[in-house]
Amino acid sequence: MNLEEVFNFYKGKKVLVTGHTGFKGTWLSRILVNAGAEVTGYSLNPPTDPALFNMAGFEGKMNSVIGDIRDLAHLKQVFEDTKPEIVLHLAAQPIVRDSYKDPVYTYETNVIGTVNILECVRLNPCVKSFLNVTTDKVYENREWEYGYREVDRLDGYDPYSNSKSCSELVTHSYRKSFFADGHCAISTCRAGNVIGGGDFANDRIVPDCVRAAMAKKPIVVRNPHSTRPYQHVLEPLAAYLMVAKAQYEDGKYAGYYNVGPDDKDCVTTGELVDMFCSAWENGLSWENKSDGGPHEANFLKLDCSKLKTTFGWHPRYGVKEAIGLTVEWCQEYEKNGDVVAVMDRQIKKMFQ
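Source: prediction; values computed, not measured.

Rules used throughout
- Residues numbered from 1 in each chain as written.
- Predicted model: local features only at pLDDT ≥ 70, side-chain atom pairs only at ≥ 80, totals over all residues.
- Heavy atoms only, no water.
- Helix = DSSP H or I, 4+ residues; strand = E, 2+ residues; numbered from the N terminus.
- Rg over C-alpha atoms; globule rule 2.2 N^0.38 Å.
- Buried < 20%, exposed > 50% of the residue type's maximum accessible area, 1.4 Å probe, protein only.
- Contact = heavy atoms within 4.5 Å.
- Areas by Shrake-Rupley, 256 points an atom, 1.4 Å probe, with all protein chains shown as cover.
- Lys, Arg positive; Asp, Glu negative; His and termini not counted.
- Charge placed at Lys NZ, Arg CZ, Asp CG, Glu CD.
- Pairing = 2+ DSSP bridges.
- Axes fitted to C-alpha atoms, helices over the stretch in contact; angles between N-to-C directions.
- Phe/Tyr/Trp six-rings, centres within 6.5 Å; stacked < 30°, edge-to-face > 60°.
- Lys NZ or Arg CZ within 6 Å of the ring centre and 35° of its normal.
- Right-handed = clockwise from strand over helix to strand, strands pointing away.

(A) Examining the overall build of the protein chain more closely. In terms of regular secondary structure, the protein chain is built from 13 helices and 12 strands. Taking 2.2 N^0.38 as the reference for a compact globule, 352 residues should give roughly 20 Å; the C-alpha atoms of the protein chain span a radius of gyration of 19 Å, in line with that estimate. Counting only C-alpha atoms, the protein chain reaches 60 × 45 × 40 Å along its principal axes. For the protein chain, with 352 residues in total, the buried portion stands at 58%. Restricting the contact set of the protein chain to residue pairs at least 6 apart, pairs at least 24 apart contribute 81%. A total accessible area of about 14,500 Å² is found for the protein chain, and carbon and sulfur atoms account for 49% of it. In the protein chain, 40 positive and 46 negative side-chain charges are present, and the distance between their average locations comes to 3 Å.

Here you go:
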């Protein structure tokens with residue numbers, strides 16, 4: 001896998017990114033803009049305040065459409081106006097705890113939203129490559145110690161995870177029902193937990209760390225013993241772009257792919273916070289305070305051998321380096337520095 005070739009492929013390509021105002025969507029849009037793609041984004045307003053999207057220097061560089069993925073008529077209009085060749089679907093309600101608070105909205109966004117985007121792809125023959133980004137939580141979690149493979153049973157536990165399992169099933173049905181002739185290649189990517197500069201979400205461990213560090217307070221950790229596959233945000237984004245390119249050029253690459261770090265980078269939340277504290281310095285510390293919140297899995301990791309054998313892919317950064325890149329961005333932000341320059345530098349390093 002040559003990431004420089006992947007990057008260069010997107011020059012001049014018409015790409016639609018849903019969920020472009022979110023954390024991953026903003027980083028993905030920045031990569032595509034830097035690569036010279038014609039980028040259209042379709043998303044709600046940024047989900048956080050502050051928001052990375054508003055800092056990322058997109059004025060005049062991409063077509064940003066504010067809209068709801070549940071609004072099929074609006075989505076159809078955007079497809080007619082922009083005629084994308086490649087569609088990367090990231091729009092979602094992504095927070096487990098929020099899915100317990102508002103399960104109906106979570107299912108509407110994550111399931112009907114997937115139906116709507118696939119319906120637009122079905123009606124617009126300009127689209128040659130479609131990628132649905134789901135999550136490592138789509139699998140029925142048996143808390144076992146080996147990684148889940150693409151053939152394992154889909155059955156997420158909480159409304160967020162389950163709605164993403166449903167999103168997978170919708171994609172499989174559309175692929176078999178309407179795209180069997182191969183005129184558009186369709187894949188899903190199931191990625192693990194991402195970290196990186198500019199994530200301001202609630203109920204995510206690294207943003208919690210950053211807020212505590214900037215407030216000079218101890219970090220509160222809810223589940224220090226839960227194990228998760230952590231990776232820098234650029235890792236899965238590079239994989240998505242790689243899969244979308246490969247299937248655009250040859251439909252045989254369409255399918256379902258796990259995207260996660262190597263086993264050594266599946267660490268407990270406590271270990272992750274220790275790494276953050278040592279990278280940030282300034283005597284930062286943390287305390288264990290379980291708040292008896294809703295069910296979350298204790299142990300989860302992916303088997304990514306399919307992605308590795310198909311594309312020769314391998315993660316570029318370990319979890320410690322991923323934390324270092326995150327802290328680099330956050331400390332630049334803390335001093336009101338040039339965070340876009342940090343993003344562009346990290347993107348350039350990833351794709352060279």
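(B) A look at the sheet that holds strand β10 (residues 256-259). Spatially, the seven strands line up as an open sheet ordered β3-β2-β1-β4-β5-β6-β10, and their pairing is parallel. Two strands close off the open sheet at either side, each with one partner strand: β3 (63-66) and β10. Taken pair by pair, the neighbouring strands of this sheet meet at an average axis angle of 15°, ignoring direction.

(C) Main features of the packing of aromatic side chains. Inspection of every chain in the model, using the stated rule, returns 12 aromatic pairs. With centroids separated by 5.5 Å and ring planes inclined at 10°, the aromatic side chains of Y139 and Y148 adopt a geometry described as stacked. Of the two residues, Y139 and Y148, neither departs from the other in class, the shared state being buried. Among the aromatic side chains, those forming a connected cluster through ring pairs are F9, Y10 and Y248. One residue, K306, lies across the ring of Y257, its end atom 4.6 Å from the ring centre.

(D) Representation of helix α8 (residues 205-215) within the structure. Listed in full, the buried residues belonging to α8 are I205, V206, P207, C209, V210, A212 and A213. On its buried face, α8 is in contact with β7 (193-195), β8 (219-221), β9 (227-232), α10 (269-280) and α12 (319-334).

(E) Structural view of the sheet that holds β9. Spatially, the three strands line up as an open sheet ordered β7-β9-β11, and their pairing is mixed. A strand with exactly one partner marks an edge of an open sheet, and here the two such strands are β7 and β11 (266-268). The mean angle between the axes of side-by-side strands here comes to 50°, regardless of whether they run parallel or antiparallel. Bridging between β7 and β9 involves three bridges; their strand directions are parallel. Across the sheet, residue I195 finds its bridge partner in β9, namely H232. Contacts from helix α9 (residues 234-249) reach β7 and β9 within the one sheet, and its direction differs from that of β9 by about 70°.

(F) Seen up close, the environment of I31. In this fold, I31 is placed in helix α2 (residues 23-35). Each C-alpha atom, one on I31 and one on K13, is 13 Å from the other, the two residues being 18 residues apart in sequence. Dropping the residues within four chain positions of it, I31 is found in contact with F7, L234, L237, L241, I347 and F351.

(G) Up close: the pairing of strand β1 (residues 14-18). Among the five residues of β1, four are classified as buried, and the element is accordingly described as predominantly covered. Bridge analysis of β1 against strand β2 (residues 38-43) gives five bridges, and the strand direction is parallel. Of the residues in β2, the one forming a bridge with T18 is Y42. You can see the chain leave β1, run along α2 and come back into β2, and the turn it takes is right-handed. In this structure, β1 lies alongside strand β4 (residues 86-89), joined through four bridges in parallel fashion. Each bridged residue has a counterpart across the sheet, and for T18 the counterpart in β4 is H89.

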